[in-house]
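For reference, the chains in residue letters:
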Amino acid sequence: MNRQDVAADRVLSLTLKLGAYTALVLTVAGLALRFAVPWAMKVTTAGLLVLLVTPVLRIIVACLQFLRERDFKYALVSFGVLAIVVLAYVLGIQA
Amino acid sequence: MTLAAMLLLILIGFLAGGFGALAGVGGGIIITPLLAIYFGLPMHQAIGVTLLCVIATSTATSSMYVERHVTDVRLGMTLELATTVGALIAALVAHQVNRRTLALLFACFLLYSAGSMLRKAWDSRNKKREEMIPDYTPQNYPAGLGASLIAGGFSGLLGIGGGPIKVPVMLLFMKVPLRVAAATSNFMIGVTAGTSAYIYWGRGDIRVDIAAPLVAGVFAGSLLGARISPKIRAFYILMLLVCIAGWLAAQMIYKLLTGGFQ
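For every chain, the first residue of its written sequence is number 1, and the numbers climb from 1 along that sequence. Just so you know, chain letters begin at A and ligand numbers begin at 1, following the order they were written in. Only residues with pLDDT of 70 or above have their local features reported here, since the model is predicted, and side-chain atom pairs are shown and tallied only from 80 upward, although totals for entire chains, interfaces and linings are computed over all residues.

**Some details on the overall build of chain A**
Here is step 1 of the chain: Under the scheme used here, helices are H or I runs from DSSP no shorter than 4 residues and strands are E runs no shorter than 2 residues, and both carry numbers assigned from the N terminus. Check the secondary structure of chain A and you find three helices and zero strands.
Here is step 2 of the chain: Order of helices (α) and strands (β) in chain A, N terminus to C terminus: α-α-α.
Here is step 3 of the chain: With the principal axes as the frame, chain A shows a C-alpha extent of 50 × 35 × 15 Å.
Here is step 4 of the chain: Across the 95 residues that make up chain A, the buried fraction comes to 41%. Any residue surrounded by 20 or more other C-beta atoms within 10 Å of its C-beta is treated as buried, while 12 or fewer makes it exposed and the intermediate range makes it partly exposed; C-beta atoms here are placed from the backbone.

**A few points about the overall build of chain B**
Here is step 1 of the chain: Counting its secondary structure elements, chain B contains ten helices and zero strands.
Here is step 2 of the chain: Here chain B, with 262 residues, has 60% of them falling under the buried criterion.
Here is step 3 of the chain: Two residues qualify as being in contact provided that their C-beta atoms, derived from the backbone, are within 7 Å of each other. Pairs at least 24 residues apart make up 86% of the contacts formed inside chain B by residues separated by at least 6 positions.

**Things to note about the packing of helix α2 (residues 40-68) of chain A against helix α3 (residues 72-94) of chain A**
Residue and element names in this part refer to chain A.
Here is step 1 of the chain: To get an axis, fit a line to the C-alpha atoms, keeping to the stretch in contact for a helix; angles then go from 0 to 180 degrees between the N-to-C directions. Axis separation between α2 and α3 bottoms out at 8 Å; the angle between their running directions is 160°. The orientation of α2 relative to α3 falls into the category roughly antiparallel. Seen along the crossing, α2 lies across α3 with a hand that is left-handed. Judged by residue contacts, V56, I59, I60, A62, C63, F66 and L67 of α2 engage Y74, A75, S78, F79, V81, L82 and V85 from α3. Relative orientations are named as follows: roughly parallel for angles under 35 degrees, roughly antiparallel for angles over 145 degrees, roughly perpendicular for angles from 65 to 115 degrees, and oblique for any other angle. What makes a crossing left-handed is the near helix being turned counterclockwise from the far one by less than a right angle; a clockwise turn instead makes it right-handed.

**Remarks on helix α6 (residues 141-158) of chain B**
All names here are of chain B.
Here is step 1 of the chain: By this rule, a helix spans an expected 1.5 Å times one less than how many residues it contains. The end-to-end C-alpha separation of α6 is 25 Å, in line with the 26 Å expected for 18 residues at 1.5 Å each.
Here is step 2 of the chain: Those residues of α6 that sit buried are G144, A147, S148, L149, A151, G152, G153, F154, S155, G156, L157 and L158.
Here is step 3 of the chain: The inward-facing, buried residues of α6 contact α3 (43-67), α4 (73-94), α5 (99-124), α7 (163-172) and α8 (178-203).

**Side note on the interface of chain A and chain B**
Quite often, the size of an interface is put as the accessible area lost when its parts meet.
Here is step 1 of the chain: Listed by partner, the interface residues are 42 residues for chain A and 39 residues for chain B.
Here is step 2 of the chain: Only α1 (3-33), α2 and α3 of chain A provide two or more residues apiece to the side of chain A that touches chain B.
Here is step 3 of the chain: Here the side of chain A that touches chain B is built from residues that sort into 28 nonpolar, eleven polar and three charged. Residues are sorted three ways: Asp, Glu, Lys and Arg are charged, Ala, Val, Leu, Ile, Met, Phe, Trp, Tyr, Cys and Pro are nonpolar, and all the rest, Gly among them, are polar.

**Some words on unusual backbone geometry**
Here is step 1 of the chain: The backbone phi angle of A:R70 is positive, close to 60°, even though this residue is not glycine.
Here is step 2 of the chain: Note that A:R70 resides in the loop between α2 and α3.
Here is step 3 of the chain: Within the chain, B:N140 stands out as a residue other than glycine whose phi angle is a positive 45°.
Here is step 4 of the chain: Checked against the element boundaries, B:N140 lands in the loop between α5 and α6.

**Here's the deal with the confidence of the model for chain B**
Here is step 1 of the chain: Taken residue by residue, chain B gives an average pLDDT of 88. The fraction at 70 or more is 98%.
Here is step 2 of the chain: The ipTM value of the predicted complex is 0.92, and its pTM value is 0.92. Per-residue confidence from the prediction method is given by pLDDT, with values spanning 0 to 100.

**Description of the nonpolar core**
Soluble, globular proteins show a tendency: their nonpolar side chains are buried together.
Here is step 1 of the chain: With 125 residues, the main nonpolar core has B:L52, B:V215 and B:A245 as its most contacted residues.
Here is step 2 of the chain: B:L52 has contacts with A:L48, A:L51, B:A197, B:I206, B:A211 and B:V215, leaving out every residue within four places of it along the chain. Each nonpolar core consists of buried Ala, Val, Leu, Ile, Met, Phe, Trp, Tyr and Cys residues. Their C-beta atoms, within 7 Å, join them into a set.

Spelled out as structure tokens, the structure:
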């Protein structure tokens, strides 16, 4: 494994961790507050939305990493995956 | 929801996420039947909630596998082209499938998963932990993409990760080492489940009040589990999961035979 791939793995892992911990903190905060304040459910929902957005963020980050490495084949593959997920999002809104 | 129910859901999430990460299998497969049998959730809602739990497990554990360079990001991204298409189509179709059919399909998949966990447990009896990853080049992409399409389909339909379908194909047909195959499958699950989760969310099949405590528990459990998993042997945890999966499958079949899941 070359040095660029090692660095790319670190950024990708960091993205996933950031998403995981943000979602965890928001969900727990929302749950803890729900017997105290009326807007607690919004915090909880925000946590779940962060959870839903993290996989998309991880595709974008991977795509950018591939572009930086000039690995256009896999940048295109990432873009394809992103396109399908965005399509699902659009269809989901209309559902 | 009462405080007791909320704490119970957090605990279920914690155990499913923790055991799942320790044994290297998704814990989601246990959550759906628990919600459908004991919490009386309609199958579509149980599946929608489980999708979120599956994303949580995948995100938490793959952050660590990627960091340890076990995940093949390029292979995962390529196969995701197929899993997401399968997941999207299946999530759109799932709404037309009636609850009893979904429950039957789920029970069958539960038994299949129990079988594959049993074999995994058998294999893990006397294997050395954390061996080096040999050099490899993935072979036979058509087989991998085909299996990924099917796995994605099952994910969108049943809210599962589909690891038991992808991992053997990556191992046997694509000649990818087992640890890489497992980590890569796990990596793909977040994006795959995310794709169908958008459809379920849009339809209103994801109940925030039930999903939130489960997701919080799953996150905590799988972050902890993935951290200590290299240090333990998975045999007993896998056997425990086999028993739970078998029990839940039996419960689901019993409920189906007595006219449940309407």
